[in-house]
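Residue-level structure breakdown
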Amino acid sequence: METARQSGTPFYFVAQESHVGYDRLVNEDAIGSFNTPNGELFIVADGLSGHAGGGVASQLAMKAFYKYLLEEKGDPAELMKQAVARADEAVIEAGEMYPELKGLGSSLVALLLKNNEAWYINVGDSRLYLSSASGFRRLTRGGVRRMRGDGPAAGEGDSEDGERPGESAPLQALGGSV
């Protein structure tokens, strides 16, 4: 397939996929791409497995983040920070309003593209990668710590194998449940 584009115009493909994992019954991911006055917005929010309302938390986080960027204008970096704060508030409020959701939380990674520029932010262990002809490069640090028995192992930080059940937990999450 041939694709034509003007010189200097950003060109990208968007694909999204979510997988429930190998030991879960429910997928708690929220994935979205949106057109906002601030640019093209891409979000992945992952509800904390094993916590009440993980799927609710990821949907709330994604919607609150998007809504903020839809309604506000300004410096993209500052908007992204404020959108994270708004998403955090939305998740916390849901936990306070609905006792059955107490402890809900979500990670979030978001990318904003406008005029050949990109801004990104992440909370928790959701990661963002840049794909190019030379391969993939991780842009975010997935705030994951290795867990052993009653707590984190001394001196251990990011873990590449943080997806094995029972061996890792996010260092931070929206909703303040971690």
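Bear in mind the structure is a predicted one, so any value in this text is a computation, not a measurement.

**Structural notes on the side chain of threonine 36**
- Inspection of the secondary structure assignment puts threonine 36 in strand β1 (residues 29-36).
- Assessed through its relative accessible area of 6%, threonine 36 is described here as buried.
- Of note is the side chain of threonine 36, whose polar atom sits 2.8 Å from the backbone oxygen of glycine 39.
- Discounting chain neighbours no more than four positions away, the residues touching threonine 36 are Leu41, Tyr66, Leu69, Leu70 and Leu112.

**Looking at the pattern of salt bridges**
- One pass over the structure, following the stated rule, counts 2 salt bridges.
- Between lysine 67 and glutamate 71 there is a salt bridge whose closest N-O contact spans 3.9 Å. Taken together, the positions of lysine 67 and glutamate 71, both in helix α1 (residues 54-71) and 4 residues apart, correspond to about one turn of that helix.
- In this structure, the salt-bridge partner of arginine 86 is glutamate 89, at a minimum N-O distance of 3.8 Å. Separated by 3 residues within a single helix, arginine 86 and glutamate 89 lie in helix α2 (residues 76-97), roughly one turn from each other.
- Its relative accessible area of 38% is what places arginine 86 among the partly exposed residues.
- Note on glutamate 89: relative accessible area 41%, which makes it partly exposed.

Cut-off values and rules
Residues numbered from 1 in each chain as written. Predicted model: local features only at pLDDT ≥ 70, side-chain atom pairs only at ≥ 80, totals over all residues. Heavy atoms only, no water. Helix = DSSP H or I, 4+ residues; strand = E, 2+ residues; numbered from the N terminus. Buried < 20%, exposed > 50% of the residue type's maximum accessible area, 1.4 Å probe, protein only. Polar contact = N/O pair within 3.5 Å; in protein donor to acceptor, adjacent residues only side chain to side chain. Contact = heavy atoms within 4.5 Å. Salt bridge = Lys/Arg side-chain N within 4 Å of Asp/Glu carboxyl O.

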